[in-house]
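Breakdown of the fold
Single-letter residue listing:
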Amino acid sequence: MAVRIAAMRESLERLGRFDLRRARDRFLSGFDPASTRHVLADGERVGFVVVRPRDDGLLLDHLYLLPGAQDRGIGAAVLADVLARADASRLPVRVSALRGSDANRFYARHGFELVEEGEFDNHYLRATGPAAGRGQSQL
């Protein structure tokens, strides 16, 4: 949970929405260890990713990196693995990002299309890629 707060704090503060209790409660209310993977860089835990199966594909519920691990290609590598797995199973991937967050540009760069704008979050969809079902990846 500390990783999520560290990763989100700047964006939430910039938008006047940072609330430590709400951040903690939101994360803990949906925590699912079976869907959660640590992100390691140089042997250190620098973040985590949560991918949940849904009836209509996959939900990329969380992808958070500590601020010092951002802008180093780590998130892109993690996302590439998630998308390769989704494509291998021919599954679309959904994700939401806080409006005004840099994450919106990140997801758009990686093939996600904006499908809905909510009050606080933008909701994206990435249909299966052109190589769907042809590749395999390891995380």
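Conventions and cut-offs
- Residues numbered from 1 in each chain as written.
- Predicted model: local features only at pLDDT ≥ 70, side-chain atom pairs only at ≥ 80, totals over all residues.
- Heavy atoms only, no water.
- Pairing = 2+ DSSP bridges.
- Helix = DSSP H or I, 4+ residues; strand = E, 2+ residues; numbered from the N terminus.
- Phe/Tyr/Trp six-rings, centres within 6.5 Å; stacked < 30°, edge-to-face > 60°.
- Buried < 20%, exposed > 50% of the residue type's maximum accessible area, 1.4 Å probe, protein only.

1. A closer look at the pairing of strand β1 (residues 36-41)
- Here β1 runs beside strand β2 (residues 44-54); their pairing, made up of six bridges, is antiparallel. Its bridge partner being in β2, Leu40 is matched across the sheet by Arg45.
- Remark: two residues form the turn of the hairpin made by β1 and β2, two consecutive strands paired antiparallel; Asp42 in that turn has positive phi of roughly 55 degrees.

2. Notes on the packing of aromatic side chains
- Counted according to the given criterion, the structure contains three aromatic pairs.
- Seen in terms of ring centroids, Phe48 and Tyr64 are 5.6 Å apart; in terms of plane orientation they differ by 55 degrees. Their pairing is tilted. Here Tyr64 lies in strand β3 (residues 57-65) and Phe48 lies in strand β2, a separation of 16 residues in the sequence.
- With a relative accessible area of 11%, Tyr64 lands in the buried category.

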